[in-house]
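# Structural description and commentary
Chain residues, written in single-letter form:
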Amino acid sequence: MDLTPRELMSLRILAFFFYQTGSYESAKRAVKSLLVLDPKNLWARGLNVLCENALENYENVLALTEDLSEFAQDSAQYKSLIWLRARSLQKTNRHREAIALMQKAGG
């Protein structure tokens, strides 16, 4: 089933609305729907990381941010995801890795 560009944008807006209102599980479901339709959608992948972080699923954040090279073209999003990865490393008691990541990222 293919959605029109307008329908895809509506789903994206819905996912962001759920995230903004603190309904992180609902946002995750909407994001997962977007990713089924467009697995390489960087916006949806980034919001997925934000949802996992908000739900304090730090191991999931680490898994989702293992390779951030695809995000490098958008420096703001890339740096934000590095910070979330470093925070997750801290929360999972991997302090040295978090410090090394921040030093490498210049933060």
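Presented here is a report on the structure given in the accompanying data block. Quick caveat: nothing in here was measured; it's all calculated off a predicted structure.

## Examining the overall build of the chain
Along the backbone of the chain there are six helices and zero strands. Counting from the amino terminus, helix and strand elements in the chain follow one another as α-α-α-α-α-α. Counting only residues that meet the buried cut, the chain has 32% of its 107 residues in that class. Sequence separation of 24 or more characterises 47% of the internal contacts of the chain that already satisfy a separation of 6 or more. Looking at the chain, you have 14 positive and 12 negative side-chain charges, and the mean spots of the two groups are 5 Å apart.

## Let's talk about the pattern of salt bridges
Under the counting rule described, the total for this entry stands at four salt bridges. Where Arg-45 meets Glu-70, a salt bridge forms, and the shortest distance between an N and an O atom there is 2.9 Å. Taken together, the residues span a long stretch of sequence, with Arg-45 in helix H3 (residues 42-54) and Glu-70 in the loop between helix H4 (58-64) and helix H5 (75-91) at a distance of 25 residues. For Arg-85, the salt bridge identified is with Glu-66, shortest N-O distance 3.6 Å. Of the two residues, Arg-85 is situated in helix H5 and Glu-66 in the loop between H4 and H5; the sequence distance between them amounts to 19 residues. Here Arg-85 falls in the buried class, since its relative accessible area comes to 11%.

## Points about the packing of aromatic side chains
Under the defined criterion, the tally for this structure stands at two aromatic pairs. Each ring, one from Phe-17 and one from Phe-18, has its centre 6.0 Å from the other, and the planes form 55°; the classification is tilted.

## A short note on the layout of surface pockets
Of the volumes computed, that of the largest pocket is approximately 190 Å³. What lines the largest pocket is Thr-65, Glu-66, Asp-67, Leu-68, Tyr-78, Ile-82, Arg-85, Leu-101, Lys-104 and Ala-105. Residue assignment for the lining of the largest pocket shows that the elements contributing at least two residues are H5 and helix H6 (95-105). Of the residues contributing to the lining of the largest pocket, the split by class is five nonpolar, one polar and four charged.

Calculation rules
Residues numbered from 1 in each chain as written. Predicted model: local features only at pLDDT ≥ 70, side-chain atom pairs only at ≥ 80, totals over all residues. Heavy atoms only, no water. Helix = DSSP H or I, 4+ residues; strand = E, 2+ residues; numbered from the N terminus. Buried < 20%, exposed > 50% of the residue type's maximum accessible area, 1.4 Å probe, protein only. Contact = heavy atoms within 4.5 Å. Lys, Arg positive; Asp, Glu negative; His and termini not counted. Charge placed at Lys NZ, Arg CZ, Asp CG, Glu CD. Salt bridge = Lys/Arg side-chain N within 4 Å of Asp/Glu carboxyl O. Phe/Tyr/Trp six-rings, centres within 6.5 Å; stacked < 30°, edge-to-face > 60°. 1 Å grid on protein atoms, 1.4 Å probe; cavity = no way out; pocket = protein on both sides within 12 Å on 5 of 7 lines; lining within 4 Å. Points joined across faces, edges and corners; volume = space filled by probe spheres on them. Nonpolar A, V, L, I, M, F, W, Y, C, P; charged D, E, K, R; others polar.

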